[in-house]
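# Observations on the model geometry
Residues per chain, in single letters:
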Amino acid sequence: QVVTDKFQADQGLSGKVMRTGKPVYIKDLLEDIDQSEYIHFGHAEHVRSVLAVPMRLRGKVIGMISAQSYSPSAYSPQDKILLELLASYAAIAIDNFGLFAHIQQLATIDPVTEIFNRRHLFDLGRLEFLRARRFKRSLSAIMMDIDHFKLVNDRYGHAMGDYILLKLGKLLCSHNQVPCSGLYS
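Let me sum up the structure you'll find in this document. (Residues numbered from 1 in each chain as written. Predicted model: local features only at pLDDT ≥ 70, side-chain atom pairs only at ≥ 80, totals over all residues. Heavy atoms only, no water.)

Backbone hydrogen bonds are what pair the strands of a sheet, in a parallel or an antiparallel way. Pairing in this open sheet of three strands is antiparallel, and the strands run 1-2-3 from one edge to the other. Each end of this open sheet is capped by a strand with a single partner; those strands are strand 1 (24-26) and strand 3 (60-69). Adjacent strand axes in the sheet meet at a mean angle of 15°, parallel and antiparallel pairs treated alike. The pairing of strand 2 (residues 49-57) with strand 3 spans nine bridges and is antiparallel. In the sheet register, A52 faces strand 3, and the bridge partner there is S66. Its contacts with the sheet put helix 1 (residues 12-20) on strand 1, strand 2 and strand 3, and the angle it makes with strand 3 is roughly 135°. Relative to strand 2, helix 2 (residues 77-108) is tilted by about 40°, and along the sheet it contacts strand 2 and strand 3. (Pairing = 2+ DSSP bridges. Helix = DSSP H or I, 4+ residues; strand = E, 2+ residues; numbered from the N terminus. Axes fitted to C-alpha atoms, helices over the stretch in contact; angles between N-to-C directions. Contact = heavy atoms within 4.5 Å.)

This brings us to the pattern of salt bridges. One pass over the structure, following the stated rule, counts six salt bridges. The salt bridge involving D28 is made with R48; its shortest N-O contact spans 2.7 Å. With D28 in the loop between strand 1 and strand 2 and R48 in the loop between strand 1 and strand 2, this pair connects stretches of sequence that are 20 residues apart. Looking at R48, the relative accessible area reads 21%, which means it is partly exposed. Salt-bridge contacts for R126 lead to D123; the nearest nitrogen and oxygen are separated by 2.9 Å. Separated by three residues within a single helix, R126 and D123 lie in helix 3 (residues 118-134), roughly one turn from each other. Take D123: its relative accessible area is 32%, and that puts it in the partly exposed class. (Salt bridge = Lys/Arg side-chain N within 4 Å of Asp/Glu carboxyl O. Buried < 20%, exposed > 50% of the residue type's maximum accessible area, 1.4 Å probe, protein only.)

Interaxial distance between helix 4 (residues 149-156) and helix 5 (residues 158-174) falls to 6 Å at its minimum, and their mutual angle equals 135°. Of the possible angle classes, the one that applies to helix 4 and helix 5 is oblique. Across the interface between the two elements, F149, V152, N153 and Y156 from helix 4 touch H158, M160, G161, I164 and L165 from helix 5. Partitioned by chemical class, the residues of the contact of helix 4 with helix 5 number six nonpolar, three polar and no charged. (Parallel < 35°, antiparallel > 145°, perpendicular 65-115°, else oblique. Nonpolar A, V, L, I, M, F, W, Y, C, P; charged D, E, K, R; others polar.)

Residues other than glycine seldom take positive phi values, yet R58 does so here, at roughly 50°. Locating R58 in the fold gives a position in the loop between strand 2 and strand 3. Of note, S73 is a non-glycine position whose phi angle comes to about 50°, a positive value. Position of S73 relative to the elements: it lies in the loop between strand 3 and helix 2.

Next up, the structure:
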């Protein structure tokens, strides 16, 4: 059975593992009652042995993984090695997810206005068109252009032009006139 719970990183077993960066093996909670303060998951009175290892990424502890057993002395040195290997793969997976989310954001959010870009407009438009057709509802879109905006860039510089576009994006998002990236909402 796999149980996933969230705990404060500075408390309990996770706090100890993350603080020290070292594995914790409690052979028998009934014999090592001082360690029971670290157990804050499941039914501590039933858990007899616990193995917990840090999840490391680029030398930094980013979390921990633990295994618990209702039997005393349930884990061997090989189990510790296996759990450490699993923790390293889990840390890489978490990092990859963060990188994927960042790349997804870069692909769909305009860096100047910080609102959805043209690519996302087409993706969203395709979905909304299909939804409007499916539910037999009308669909409208508003396109806007700032006349002679090149003059702003030429006269005041691109930094000022970018600032104006950013402020316009924030203004439109604050009035829900455009689908926003979530950076403002």
